[in-house]
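Below are the chains, spelled out letter by letter.
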Amino acid sequence: MRKQVLFVLSAIAALLLLRNLYVMLVNLPDEAQQGPIFRIIFFHVPAAWTAFLGFFVALISSVIYLVSKNMKYDALAVAVTEVGLAFGAANLVSGMIWGRQIWGIWWTWDPRLTSMLVCEMLYAGYLMLRRAIDDPTQRARISAVLSIFAFVDVPIVFFSIKWWRTQHPQPVVWGGGSMDPSYWNMLFLNWIPVILLGVVMVAIRMRQENIHREVEALRRYAHGF
Amino acid sequence: MRLFFRQTLTIALKDLRSEIRTKEALNASVSFSIVILLLFSFAFEPTSEETRLIAGGLLWMVFAFAGALILNRSFARELINDCLDALVSSPTPGSALFTGKALSNLVLLLVVELISFPVFGIFYNVPWVFQLPSLLVVMVLGTWGIVVIGTMFSAMTVNLRLRELMLPILVYPIMIPCLMAAIQCTTALLGGQALTGDAAPWLRLLIGFDIIFSILAVALSDTVLVG
């Protein structure tokens, strides 16, 4: 049953993505100033939204884990963090390709770019920390605390860097301004398959994590003899 | 409440006493910060006017790196003879244990800073004496930010195999707002401005960071230490 649901969800995601790609590439006109490259926004922005949604769910499940001590929430936290990191990386890479085309540079220390990078580093640290702890309950407890610290820190980082950069104006500012409604619609429409993909990945990863923990427990049990 | 303060003070004094007797972390940290200050002279022209513009950044890099040495030892020193287990099972709550450790780390790191700061001033020809009271305020606030995050993560990583490596990887990204605010304030002060001028929002950010993470760390310290 679970397998079928995941299969159906991924099929819907794939079909929606195909439909969106068709509309994006055939029906929607090129953006006036940026030309064809502007279409990257339909993946760049939903990836960022999905990443932050993932980190938010990680925060919630970490708090629930600390209250309930139910290992299921630890598995959920690690699954959404990993998937969030993957979408965050997709956001950074697509942004760099876009930046190379429009700004002529791969990277600029703009508040959004910098804070996304810091965010990725924080959650990459989360995964590294998990690797370094052997005891499952200790691992769950410590990484839940880190997840809370990281989530509280990210908005402070964003606003402090924004503050700092606006004190020193940069030639490169976030372009766009207002966007045509058809572009907006596409942005939200394309978020649906991206989120579905994220949900399927989280479900698979969570199951993996649960099985992994069972194997670990069996191994410890076997060592007891 | 009074009991909490007494327990905190006992832990802090215990840590300071054992540090004064061995001077392990303090010696390492002071010599490390002076070595970094020496290395900076090869990275840029030490006597140039620009030094003053980047002075805040340089100093807080030194403080953050030197701080990692002290913070690494903070909980690790309790591993010998299972002292950490004894501390955790004592009637002292995790929050008092954490706050005491953080206070002693604050004092130790401030000592390192008060030694390396004049050395920096002399080596790089940056006048600092005229702003001393404001600088001290910034130093205490910035150092508390480093210490509150660092002590928390020191407790979290104490049982890890790669403790010395994990701590810097985890704490520096979290400290970014605190370091940035401290850098801005210090640079403004060394440039002859007052804290109430352009640097005022940064001072507020620094205070805000300290308050938010102090509350969070004290609230979660029992979870980390006792479980």
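In this text, all values refer to a predicted model and were calculated from it rather than measured experimentally.

**Thoughts on the overall build of chain A**
Working step 1: The helix and strand tally for chain A stands at 6 helices and 0 strands.
Working step 2: Put simply, chain A runs from its N terminus to its C terminus through helices and strands in the order α-α-α-α-α-α.
Working step 3: By principal-axis analysis of the C-alpha atoms, chain A measures approximately 70 × 45 × 25 Å.
Working step 4: Look at the contacts in chain A between residues 6 or more apart in sequence, and 80% of them connect residues 24 or more apart.

**Structural notes on the interface of chain B and chain A**
A common way to state how big an interface is: give the accessible area lost once the parts meet.
Working step 1: Taken residue by residue, the interface counts 22 residues in chain B and 22 residues in chain A.
Working step 2: Among the elements of the structure, α7 (163-190) and α8 (200-225) of chain B are those that each provide at least two residues to the side of chain B that touches chain A.
Working step 3: Sort the elements by how many residues they give to the side of chain B that touches chain A and α7 of chain B lands first, with 9 residues.
Working step 4: Tallied by class, the residues present in the side of chain B that touches chain A amount to 19 nonpolar, 2 polar and 1 charged.

**Digging into helix α5 (residues 94-123) of chain B**
Working step 1: Along its 30 residues, α5 of chain B runs 43 Å from first to last C-alpha, staying within 8% of the 44 Å computed at 1.5 Å per residue.
Working step 2: Directly after α5 of chain B, the chain includes N125 of chain B, whose backbone phi takes a positive value near 55°.

**Regarding the packing of α5 of chain B against α8 of chain B**
Residues and elements named next belong to chain B.
Working step 1: Remark: α5 packs on α8, axes separated minimally by 7 Å, with the N-to-C direction vectors making an angle of 110°. As far as their axial angle goes, α8 and α5 are roughly perpendicular. Our pair here, α5 against α8, has a crossing hand that is right-handed. Taken together, the residues of α8 that come into contact with α5 (itself represented by G94, S95, L97, F98 and T99) are A217, V218, S221, D222 and L225.

**Thoughts on the confidence of the model for chain A**
Residues and elements named next belong to chain A.
Working step 1: Put simply, chain A has an average pLDDT of 86, and 93% of its residues get 70 or more.
Working step 2: When pLDDT is averaged over each element of chain A, helix α2 (residues 41-68) comes out on top at 93 and helix α5 (residues 136-167) at the bottom at 85.
Working step 3: In the predicted structure, residues 168-176 sits below a pLDDT of 50 and forms 7 contacts with residues beyond four places in sequence or in another chain.

**Details of the environment of Q138 of chain A**
Working step 1: Within the element layout of this structure, Q138 of chain A appears in helix α5.
Working step 2: Here the alpha-carbon distance between Q138 of chain A and F55 of chain A, two residues 83 residues apart in the chain, equals 21 Å.

**Examining the packing of α2 of chain A against helix α3 (residues 71-102) of chain A**
All names here are of chain A.
Working step 1: Following both chains from N to C, one finds α2 and α3 inclined at 160°, their axes separated by 7 Å at the closest point. The angle between the axes of α2 and α3 places the two elements in the roughly antiparallel class. Judged by the twist between their axes, the crossing of α2 over α3 is left-handed.
Working step 2: Residues that form the contact of α2 with α3 fall into these classes: 17 nonpolar, 12 polar and 1 charged.

**What to know about helix α1 (residues 2-22) of chain B**
Residue pairs spaced three or four apart in an α-helix point in one direction, given the helix's 3.6 residues per turn.
All names here are of chain B.
Working step 1: With 21 residues, α1 should reach 30 Å at 1.5 Å per residue; the first-to-last C-alpha distance of 30 Å fits that figure.
Working step 2: Where α1 is concerned, the buried positions are T8, I11, A12, D15 and E19. Seen end-on, α1 carries its buried residues on one side only, within an arc spanning 95°. Across from the buried face of α1, at angles greater than 90 degrees, the exposed residues are R2, L3, R6, R17, I20 and R21.
Working step 3: In the core, the buried residues of α1 are packed alongside α2 (24-43) and α5.

Quick notes on the rules
Residues numbered from 1 in each chain as written. Chains lettered and ligands numbered in written order. Predicted model: local features only at pLDDT ≥ 70, side-chain atom pairs only at ≥ 80, totals over all residues. Helix = DSSP H or I, 4+ residues; strand = E, 2+ residues; numbered from the N terminus. Contact = placed C-beta atoms within 7 Å. Nonpolar A, V, L, I, M, F, W, Y, C, P; charged D, E, K, R; others polar. Expected span 1.5 Å × (residues − 1). Axes fitted to C-alpha atoms, helices over the stretch in contact; angles between N-to-C directions. Parallel < 35°, antiparallel > 145°, perpendicular 65-115°, else oblique. Left-handed = near helix turned anticlockwise from the far one by under 90°. pLDDT = per-residue confidence, 0-100. Buried ≥ 20, exposed ≤ 12 C-beta atoms within 10 Å, placed from the backbone. Arc of directions from axis to C-beta.

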